[in-house]
Amino acid sequence: MGSSGTSAALPGPVPLTRRYPWLGELARFGGGMVFLAPSLILFAAFVFYPLAKSFYLGFFVSDPFGHGQEYVGFDQYREVLTSEDFRKSLLVTVLFVLYTVPAGLVLGLVFALMANQRLRGFLFYRTVFSSTIAASVAVAAVMWLMLLNPSAGFVNWVLGQFDLPRVNWLTDPQFRASWDSGPALMAVSLTTIWLNIGFTTLILLAALQNIPLEMYESARVDGAGPFAMLRFVTLPMISPAILFVIVVSTIIALQSFGQIHILTRGGPLDATNVIVYSIYTDAFINFEYGAAAVRAVALFLIVLAFTLVQLRFLERRVFYR
Amino acid sequence: MSLVSFDNVSKFFGDVVALKDFSLEVLDREFIVLLGPSGCGKSTALRIVAGLEQPTRGNILIKDQVVNDVEPKRRDVAMVFQNYALYPHMSVYNNIAFGLRMRGLHRREIDTLVKEAAQNLGLAELLRRKPGELSGGQRQRVALGRAIVRRPVVYLMDEPLSNLDAKLRVQTRAELVKMHRLLQTTFIYVTHDQVEAMTMGDRIAILEQGLLQQVGPPQEVYDRPANVFVAGFIGSPAMNMFPAHLQTRDGDLFADSEVGSFRLDTQQAQGATDASDGEVMVGVRPEHLYVGGGEGSGAVSATIGAMVDLVEYLGNEAHVTFSRSDSTLVARLDARLKLKPAEMVPLTVLVENLHVFDQASGRRLA
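Note that the coordinates shown come from a computational prediction; the quantities given were computed from them, not determined experimentally.

1. Some thoughts on the overall build of chain A
Inference 1: Summing up its helical and strand segments, chain A has 15 helices and 2 strands in all.
Inference 2: Rg of the C-alpha trace for chain A: 27 Å, well past the compact-globule value of 20 Å for 321 residues, more than 25% over.
Inference 3: By principal-axis analysis of the C-alpha atoms, chain A measures approximately 105 × 75 × 35 Å.
Inference 4: Intrachain contacts of chain A at a sequence separation of at least 6 include 68% that bridge at least 24 residues.

2. So, the overall build of chain B
Inference 1: Assigned secondary structure in chain B consists of 9 helices and 20 strands.
Inference 2: Seen through its principal axes, chain B has C-alpha atoms that stretch 80 × 45 × 35 Å.
Inference 3: Considering only contacts in chain B between residues 6 or more positions apart, those separated by 24 or more positions represent 65%.

3. Observations regarding unusual backbone geometry
Residues and elements named next belong to chain B.
Inference 1: Between Ser-236 and the following residue, Pro-237, the backbone shows a cis peptide bond with an omega angle of -5°.
Inference 2: In this structure, Pro-237 sits in the loop between helix H8 (228-233) and strand E11 (240-249).
Inference 3: With phi around 50°, Lys-63 is a residue other than glycine that occupies positive phi space.
Inference 4: Relative to the assigned elements, Lys-63 resides in the loop between strand E4 (57-62) and strand E5 (65-66).

4. Some words on the nonpolar core
Residue and element names in this part refer to chain B.
Inference 1: In this structure, Leu-156, Ile-188 and Val-280 are the most contacted members of the largest nonpolar core, which totals 167 residues.
Inference 2: Both domain 1 (2-233) and domain 2 (240-358) contribute no fewer than three residues apiece to this core.
Inference 3: Dropping the residues within four chain positions of it, Leu-156 is found in contact with Leu-46, Val-49, Ala-50, Val-77, Ala-78, Met-79 and Ile-188.

5. Details of helix H1 (residues 42-50) of chain B
Inference 1: A large share of H1 of chain B lies buried, amounting to 9 of its 9 residues.
Inference 2: Following H1 of chain B by one or two positions, Gly-51 of chain B has its phi on the positive side, about 90°.

6. So, helix H5 (residues 166-183) of chain B
Inference 1: With 18 residues, H5 of chain B extends 25 Å from end C-alpha to end C-alpha; this agrees with the ideal 26 Å at 1.5 Å per step.
Inference 2: Phi for Gln-184 of chain B, located one or two positions after H5 of chain B, is positive at around 55°.

7. Describing the interface of chain B and chain A
Inference 1: At the junction of the two partners, chain B supplies 17 residues and chain A supplies 16 residues.
Inference 2: Listing elements by their share of the side of chain B that touches chain A, those giving two or more residues are strand E6 (77-80) and helix H2 (92-102) of chain B.

8. Examining the pairing of strand E18 (residues 327-334) of chain B
All names here are of chain B.
Inference 1: When strand E17 (residues 317-324) meets E18, the two strands line up antiparallel, connected through 8 bridges. Residue Ala-318 lies in a different strand from E18, and its bridge partner there is Leu-333.
Inference 2: Here E17 hands over to E18 after 2 residues, with Ser-325 in that stretch at a positive phi of 50°.

9. Section: the domain arrangement of chain B
Size of an interface, as often reported, equals the accessible area lost when the parts are brought together.
Residue and element names in this part refer to chain B.
Inference 1: Along its sequence, chain B is organised into domain 1 (2-233) and domain 2 (240-358).
Inference 2: The straight-line distance from the C-alpha centre of domain 1 to that of domain 2 is 39 Å.
Inference 3: With 5 residues of domain 1 at the interface, the matching set in domain 2 holds 5 residues.

10. What about the sheet that holds strand E2 (residues 16-27) of chain B?
All names here are of chain B.
Inference 1: Sheet architecture is open: 4 strands sit in the order E2-E1-E4-E5, paired in antiparallel fashion. Each edge of the sheet is formed by a strand with only one pairing partner; in this case those strands are E2 and E5.
Inference 2: Taken together, the 2 bridges between E4 and E5 define a ladder with antiparallel strand orientation. Its bridge partner being in E5, Leu-61 is matched across the sheet by Val-66.
Inference 3: Here H1 sits on the sheet and contacts strand E1 (2-13), E2 and E4; the angle it forms with E1, its principal contact strand, is near 120°.

11. Section: the packing of helix H3 (residues 21-57) of chain A against helix H15 (residues 289-315) of chain A
Residues and elements named next belong to chain A.
Inference 1: The contact between H3 and H15 brings their axes to 8 Å, and the two run at 120°. Judged by the inter-axis angle, H3 sits oblique to H15. As H3 runs across H15, the sense of the crossing is left-handed. Residue-level contacts link Ser-54, Phe-55 and Leu-57 of H3 to Tyr-289, Gly-290, Ala-293, Ala-296 and Val-297 of H15.

12. Brief notes about the sheet that holds strand E10 (residues 211-216) of chain B
Strands belonging to one sheet form pairs held by backbone hydrogen bonds; the direction of such a pair is parallel or antiparallel.
Residues and elements named next belong to chain B.
Inference 1: Read across the open sheet, the 6 strands follow the order E6-E7-E8-E3-E9-E10; overall the sheet is mixed. The open sheet terminates on both sides in strands that have one partner only, identified here as E6 and E10. Across the sheet, the mean angle separating the axes of adjacent strands is 15° when strand polarity is ignored.
Inference 2: Judged from the 4 bridges that link them, strand E3 (residues 31-35) and strand E9 (residues 203-208) form a sheet pairing that is parallel. Bridging from a neighbouring strand, Leu-35 pairs with Ile-206 of E9.
Inference 3: The sheet contacts of helix H4 (residues 136-148) involve E6 and strand E7 (154-158), and relative to E6 the element is tilted by about 175°.

13. Some points on the pairing of E3 of chain B
Along any regular strand, the residues point their side chains to alternate faces of the sheet.
All names here are of chain B.
Inference 1: Burial analysis of E3 places 5 of its 5 residues in the buried class, the great majority of the element.
Inference 2: On E3, burial covers both faces: Phe-31, Val-33 and Leu-35 on one face and Ile-32 and Leu-34 on the other are all buried.
Inference 3: For E3 and strand E8 (residues 186-191), the ladder comprises 5 bridges, and the chain directions are parallel. Each residue of the ladder has a partner; that of Leu-34, found in E8, is Val-190.

14. Some points on the packing of helix H5 (residues 84-116) of chain A against helix H12 (residues 239-254) of chain A
A pair of packed helices can be characterised by two numbers: the angle between their axes and the separation between those axes.
Residues and elements named next belong to chain A.
Inference 1: Interaxial distance between H5 and H12 falls to 9 Å at its minimum, and their mutual angle equals 145°. For the element pair H5 and H12, the recorded crossing hand is right-handed. Contacts between H5 and H12 involve Thr-93, Phe-96, Val-97, Thr-100, Val-101, Gly-104, Leu-105 and Gly-108 on the former and, on the latter, Ile-242, Val-245, Ile-246, Ser-249, Thr-250, Ala-253 and Leu-254.
Inference 2: Looking at the contact of H5 with H12, its residues break down into 9 nonpolar, 6 polar and no charged.

15. Structural notes on the confidence of the model for chain A
Inference 1: Residues of chain A with pLDDT of at least 70 account for 93%, and the chain-wide mean is 83.
Inference 2: Below a pLDDT of 50 lies the segment residues 1-7 of chain A, which in the model reaches 0 contacts outside its immediate sequence neighbourhood of four places, other chains included.

16. Description of the environment of Asp-265 of chain B
Residue and element names in this part refer to chain B.
Inference 1: Following the sequence through the fold, Asp-265 ends up in the loop between strand E13 (261-263) and helix H9 (266-272).
Inference 2: When the 17 C-beta atoms within 10 Å are taken as the criterion, Asp-265 is described as partly exposed.
Inference 3: Considered as a pair, Asp-265 and Asp-223 are 42 residues apart in the sequence and their alpha carbons are 17 Å apart.

Reading the values: the criteria
- Residues numbered from 1 in each chain as written.
- Chains lettered and ligands numbered in written order.
- Predicted model: local features only at pLDDT ≥ 70, side-chain atom pairs only at ≥ 80, totals over all residues.
- Helix = DSSP H or I, 4+ residues; strand = E, 2+ residues; numbered from the N terminus.
- Rg over C-alpha atoms; globule rule 2.2 N^0.38 Å.
- Contact = placed C-beta atoms within 7 Å.
- Core = buried A, V, L, I, M, F, W, Y, C linked by C-beta atoms within 7 Å.
- Buried ≥ 20, exposed ≤ 12 C-beta atoms within 10 Å, placed from the backbone.
- Domains from an automatic or database assignment.
- Expected span 1.5 Å × (residues − 1).
- Pairing = 2+ DSSP bridges.
- Axes fitted to C-alpha atoms, helices over the stretch in contact; angles between N-to-C directions.
- Parallel < 35°, antiparallel > 145°, perpendicular 65-115°, else oblique.
- Left-handed = near helix turned anticlockwise from the far one by under 90°.
- Nonpolar A, V, L, I, M, F, W, Y, C, P; charged D, E, K, R; others polar.
- pLDDT = per-residue confidence, 0-100.

Next up, the structure:
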């Protein structure tokens, strides 16, 4: 009776997508690209293009305005990457990572474990420990600049209370051993750990709070003490968060700039001249854009290598639910 | 000999009363079920035995020793949690072995015990898997295995079947009973499911709002519920209950209600004298209502007229809801009766099947 019967009787046109199935595929791909376009464009403009340009710039000796002047092929790559100052800044960078990442992780874990105890006022406590997330690098660096001031700073005052010698934290040029590039790198590392501790604590705390309470109760009935619970329940359960923190804080350390710029400007005697800072010096102080580009490419490959190695070796020990 | 005793145990969480003056003797090798609606305190009672909670007042004894301040691990109890609480990062083997490792057993000894437990539970093929790779039923077995392997003095089970589907639940129920027989150990089992309680327990302890309502074998709890709560909670469909007023006529005691007037037998009459103000609740189970007159049966009976409201066929039987005045009655009848809604039928109840409770206190009178 309804009018709907009449339209079914007419021979409708065969849809194009049925005659040419690949058209449908293409349409789907096109549709996907439309949705991806905003982020692709942004990535292209601010990541892919600069990355390609840096590679390219490394083949040129540039003029002070950053234009490639003379094509030198791989000569510049070879020259910069084998230079003494690059080796030194590579060492400083590695030391900086070693000073900041493990200590930051352990401290963050301790804070997170403490904040996870349902003690009186834990909410306040948790806020305090995650507050460094809100502090900008500049603010934190200036604050530490004051704390580390050799004559009026709090740190030296504390040392003085214990009759320990005062330290010229940011200016003492001594370089004692390859594993110890003096107090300046320590000071910068301290600032960096402080800066990241809020992030680390928060990530680990969130992971801790996801562990079901029954798991601890079951472990208690099974006879596990506090240490065994930490070792067999807590740490395995938050291992994905730990891996995440290691990878991310390594990347953050490898890219640190602000605190170094404000505290030491890479000094004294290049003791804190990490690769990022040497890129800055080369490009914007010495106007050697080509050399800076080479260092930037090197840093990119180092970050990539670090991350891949960490993911590959640590992921095996991580349990994902 | 009682293995676990609650001696006037109370537990408060702030202002909330979880358990109040709870006393219970759990006998050695007994399978006792703590039954009650959610929030009745049954899980709290179990957790107090485990040592996961401390009683606010009173004592908890295991093997006649007060264990209020004894750490869970020194109580020699094993617990199966509702959501199993398996360690997701450990293999089945390591999950089962965990408690033994924590007790410092030798590796070879652990291996023997774990493999034996796995064999008994049909987990031998799954020992290398992680809990995430198991079905719900298999996970449940791992949780049981983790408890069994420890050979504790008492097993504590907190609704261990509630995450299983209906079919598996029935199957596991039977296996747990078999396991109890095999292990010859005390089980304290918490559930809100009366079918589990009735089918598994040697005795059932019914709790409500932190108070112990009744303890007894399943049949006794069903046949002689101690109060209105137990009467209404145990049995499905629930017992029909209606308020009635006691009245003496011609030397006999009658319970007059909207549904009908019932002449109580001597025994009931004797018990009913305790009723405050002569106000009682009269209860009758759905299976104790019959269609038809009560003539010639010999037993004392009462017949009332009632109208069919709703018929629910279950195949072997039918649950029929009747209305009479403002009251409703549910009867469990033969499915072949083919009753139709709005039909008027005579319903008979044998007086000996009536339960009489005090209306004010809810206590059983007869």
